[in-house]
Structure formats: C-alpha cells, structure tokens
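Structural features, examined
Residues per chain are reported as follows:
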Amino acid sequence: MNRLIRVFEHDKLTSKSHCVKGEELGDKIIDKLWQYNDANKNIYFDAIRHGVKFKNYVGVIQIGNTTIEILPKADKNNTSSEDEKEIWHKVLLKMLAHCKKIKVDAVSEASLKKRYHSLLDLYFEIFLNEVSQLLQHGLIKKYAKNSGNVTALKGRLDFAKNIQQNLIRQERFHTTHQIYDCDHLINQILFKALQVLKTITTNTYLIDGVNRLLLNFPEVKEIQINKSHFDKIISNRKTVPYNEALKIAKMILLNYSPDIKGGDENMLALLFDMNKLWEEYIYRMLLKVDDSGIKVNFQNQDKFWNNKLIKPDIVISKPFLNDGAIEIKHFVIDTKWKIKEVAESDDDDLKQMYVYNMYWESEKSMLLYPTTNIKNTSFGKFHKGRDGENLCKLGFVKVMNGKDLNLEIGKEIFLLLDIKSPP
C-alpha cells in the first residue's frame, strides 16, 4: 500500500509522524533518511532524536512504498492541515513549471486532478509519455563499428584474426564493419531509466505503462549509467525530440540510490534548493513584464578580491531620458527565501548590497523576501561611496494570489523599485 506524508521545509519528521492515512512512519524510514543524508554530506536535513529536521530543500523522497513530500512555506502560519499542504503542493509544482523544471502543461488544473500520488509520479508519467511518442515516431539510429565473424564479406577484413579463427572455417570472415541501428548511448539511457523506474514506482498505472514500453523497445545493451554518459551526449537536430525524456531520465538515474536500502526498498530523491528556485522564479517573472526597454540579467558576477567573486542574483537595466540624453540605470536585486517577522535588514546583507551598488553603479538595490502579507517599506540611504543616490530597501512580495501562485510578481517588483512599467 502506498504511503504519503507531506511536511513543510524546516519541519521535523520522526518515526512517530503520521502519514496521510494515519499510519506511523516508523524507524526503518528514518534510518534510510539518515543514510541518504550522510551520503550527501548532510546538506538536506539535520538528524534529531528518532527523526530529521528539514532544511531549505523542497521536493520529494521515495523509499519503497513511502513517499515524503517536502513543501515550501512563506509564512509563520502554524496550521498544517492537509488542505494547506495541498495548496503549497500545487504552488511548488507551478513554480517548477515556470522555472522549466517540469512541463507546463503537466501541471494544468486538469492534469493535477488525475491519478498522481506525488510529484515523482507526475515526472514519471511525463517520461513515459515522452518515450511513447519517441517510439511511435521511431527511435533514431546511428552508425557504429562492429567486429566479428560474419558469413558474408563486408567492411574491412581483419587478416590476423581471420587466419586465427577461420583457418578451417573458410565460409566465415572476421571483419570490421559499420552497423546502423538503435543500439547507442541515447537509447541505452532511456532503456535503463525505464528499468529503474519499474523497480521504483509502486503506482500500478505507471508500472503497466513501463511494461508496455519495454515490450516495444528495440534491443539495446544494458549499461550502468552515470553523469559522464550524459556529458557525452551531443545535441543536434535529430536529438531535439529526446530533450525532455533525457532530462527526466537523468533525474531518475542520477538520483536513484540502490545502495541505500533495506530489504527490497530502493530510494530516489528529487530535491530543490528553495533559495535557488525562488531566485530563478523571480527572474522569470521579471522577464514576463512587457517592456522592451528593460533588460534583466541573471546570475551576474564580477571580480572582487584576488580570486573571489561577487554575484548579485539579478541586475535590471533600464534607459531613462536625462537632459536630452539616454542614461542607463541599474537596479540590483538579491532574493532571500526567508520569513522576516520584522522589516529589518541584517548588517551583512546591507554591506553586501552596498558593494553591489558600487560595482554595478546602481542607485537602488533591494533585498527581496517572500510574504503572504504585503509589507510597505521605504529606501534607506548609504551615506558614503557614490555621488548621487545610493539607496537600498527590503522588499516583500506575495508568493500566492489567493490560493494560486502569484504571476504578477514582476510588475510588483518594478513598483517596489519605483521603476515605471506598463499597466
């Protein structure tokens, strides 16, 4: 029986915690979480007595028939009802879609009402649909060299091996020749991902889909896949239809942990750093603002001291008319996925924004936080370092609009920075 438990980031989870259907999680699952965290340098959560305390990573962990979803949360509201968790579950899915980490049409309202047990099930079904379409259109073939004994002379005859192996079997030839078939790295990756998926998922609908695809899959070698195999893939016109399937295959194969198991319970984790996800979501919402004069630059960097770099999250550039001349003004944003109870900045953050203003010649910068309640703040002034204005503020934007993801954040940010944007 499938067991689902949902928690929020920074929550605690113990062996006594209850799944959605009321069953206790148990020590066995906690032991596997500890093993997984140890194998990943303890970056995902902290070990506590009989449990774990999650950090700023969200996503899903599947251990055997137990699925743990870690959801984002942008308020101090203490309610942890299943209805609230369902709202944040959909917010996470849509944020992943806008950041191009999952197909947008897969998180439509109609799709979300289907048979998904968890975020992983959604990824798995997308993968099966992509592979099914590839099979229908025919998997791409490639040329490869093949050496061996054949009954007809083709390719280049290997004299030494031919004499060694066929001296008394003159009807055979040992040759090196080219073959043109589906047995190459890209298809081998898809085949391996299907096999792993069959061992991971407990969703009977998905298992049935995997079995049908494996029956129709052409014969390819089964190899162990690691990151280096994905690095070898060269993108071209023929491989474009494979992009989505390969992206999810990579997620499955590189996050699969068959060595962390007890009995037959394999483990797969798909976790996202919420700080990075929030940063990218803000960037993509800024790009959606319809103003051709504005440029939004993501993941900027500049040399600071020796080999050290400074890296503001987002730099906005906009032309302004100043005494008949065009002047480009820059605005720096540093995103913070952190709940602020009071609108006061940390000294270290302010010093960092001061440096950004200097390096990017910015008059205004902003530390941007999520909130479910609008908080009005004003710019504060740095007293030295620049001619003219040298300002910084704390900005707060609502993650949700009602019970849905807020898609107007871009316009709201321009208002916070006092940048005029189209209505």
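Right, let's walk through the structure included here. (Residues numbered from 1 in each chain as written. Predicted model: local features only at pLDDT ≥ 70, side-chain atom pairs only at ≥ 80, totals over all residues. Heavy atoms only, no water.)

**Some details on the sheet that holds strand β15 (residues 314–322)**
Just so we agree on the cut-off: In this analysis, strands are considered paired if DSSP registers two or more bridges between them. Only DSSP runs of H or I covering at least 4 residues are called helices, and only runs of E covering at least 2 are called strands; the numbering of each starts at the N terminus. Throughout, a residue-residue contact means that at least one pair of heavy atoms, one from each residue, lies within 4.5 Å. Each axis is a line fitted through C-alpha atoms, and for a helix only the stretch in contact is used; angles between axes span 0 to 180 degrees, taken between their N-to-C directions.
The six strands are arranged β12-β15-β16-β17-β19-β18 in an open sheet whose pairing can be described as mixed. In this open sheet, the two edge strands, each paired with only one partner strand, are β12 (295–298) and β18 (380–381). Pairing geometry for strand β16 (residues 325–335) and strand β17 (residues 364–371), over five bridges, is parallel. Looking across to β17, one finds that Ile 333 is bridged to Met 366. Packed onto the sheet, helix α11 (residues 347–359) meets β16, β17 and β19 (391–398) and runs at close to 140 degrees relative to β17.

**What to know about the packing of aromatic side chains**
Stated formally: Each pair of aromatic rings taken from Phe, Tyr and Trp, with Trp reduced to its six-membered ring, is defined by centres within 6.5 Å and is described as stacked if the planes are under 30 degrees apart, edge-to-face if over 60, and tilted in the remaining cases. Relative accessible area decides the class of each residue, using a 1.4 Å probe on protein chains only: under 20% of the type maximum gives buried, over 50% gives exposed, and in between gives partly exposed.
The final tally for this structure, using the stated rule, is twelve aromatic pairs. With a centroid separation of 5.5 Å and an interplanar angle of 80 degrees, the aromatic rings of Phe 45 and Phe 54 are classed as edge-to-face. Per residue, the accessibility class of Phe 45 equals that of Phe 54, and both read buried. Judged by centre distance (4.4 Å) and plane angle (10 degrees), the ring pair of Tyr 283 and Phe 298 falls under stacked. Here Phe 298 lies in strand β12 and Tyr 283 lies in helix α10 (residues 274–287), a separation of 15 residues in the sequence. When its relative accessible area of 15% is taken as the criterion, Tyr 283 is described as buried. Among the aromatic side chains, those forming a connected cluster through ring pairs are Phe 304, Tyr 356, Tyr 359 and Trp 360.

**Digging into the environment of Lys 381**
With respect to the helices and strands, the residue Lys 381 is situated in strand β18. The exposure class of Lys 381 is exposed, given its relative accessible area of 57%. Along the primary structure Lys 381 and Lys 393 are separated by twelve residues, whereas in three dimensions their C-alpha atoms are 8.7 Å apart.

**Notes on the pattern of salt bridges**
Where we set the bar: Salt bridges are defined as contacts in which a side-chain nitrogen from Lys or Arg sits within 4 Å of a carboxyl oxygen from Asp or Glu.
All told, the structure shown has 22 salt bridges when counted by the stated rule. The closest approach of N and O atoms between Asp 183 and Lys 221, which form a salt bridge, is 3.2 Å. Of this pair, Asp 183 sits in the loop between β9 (173–181) and α6 (185–200) while Lys 221 sits in the loop between α7 (204–216) and α8 (227–231), and the two are 38 residues apart along the sequence. Taking the shortest distance from any N to any O, the salt bridge between Lys 318 and Asp 291 comes out at 3.1 Å. Taken together, the residues Lys 318 in strand β15 and Asp 291 in the loop between α10 and β12 connect sequence positions 27 residues apart. One exposure class covers both Lys 318 and Asp 291, and it is buried. Here the salt bridges share partners, and the residues they tie into one network are Arg 6, Glu 69 and Glu 86.

**What to know about the pairing of β15**
Bridging between β12 and β15 involves four bridges; their strand directions are antiparallel. Note that in β15 the partner of Val 296 across the bridge is Ile 316. The sheet contact formed by β15 and β16 spans nine bridges and is antiparallel. By the bridge assignment for β16, Asn 322 is matched with Ala 325. What sits between β15 and β16 in their antiparallel hairpin is a turn of two residues, with Asp 323 showing a positive phi close to 55 degrees.

**Quick look at the packing of helix α4 (residues 119–137) against α7**
Selection criterion: Roughly parallel means an angle under 35 degrees; roughly antiparallel means over 145; roughly perpendicular covers 65 to 115; every other angle is labelled oblique. The sense of a crossing depends on the near helix, which, turned anticlockwise from the far helix by less than a right angle, makes the crossing left-handed and, turned clockwise, makes it right-handed. Side-chain classes are defined by residue name, with Ala, Val, Leu, Ile, Met, Phe, Trp, Tyr, Cys and Pro counting as nonpolar, Asp, Glu, Lys and Arg as charged, and the others, Gly among them, as polar.
At a minimum axis distance of 10 Å, the contact between α4 and α7 shows a crossing angle of 25 degrees. Between α4 and α7, the angle falls in the class roughly parallel. At the point where α4 passes α7, the crossing takes the left-handed sense. In contact with Asp 121, Phe 124, Glu 125, Leu 128, Val 131, Ser 132 and Leu 135 of α4, α7 contributes Tyr 205, Leu 206, Gly 209, Val 210, Leu 213 and Asn 216. Each residue belonging to the contact of α4 with α7 can be placed in one class, and the counts come to eight nonpolar, three polar and two charged.

**Section: unusual backbone geometry**
In this structure, His 50 takes a positive phi of about 60 degrees despite not being glycine. Residue position: His 50 is located in the loop between β3 (45–48) and β4 (51–54). Positive phi, normally seen in glycine, also occurs at Asp 418, with a value near 60 degrees. For Asp 418, the position within the fold is in the segment after α12 (409–416).

**Some points on α12**
Stated formally: The arc in question is traced by the directions running from the helix axis to the C-beta atoms.
Buried within α12 we find Ile 409, Gly 410, Ile 413, Phe 414 and Leu 416. Seen from one end, α12 has its buried residues packed into an arc of 160 degrees, which puts them on one side. In this structure, the buried residues of α12 make contact with α10, β15, β16, β17 and β19.

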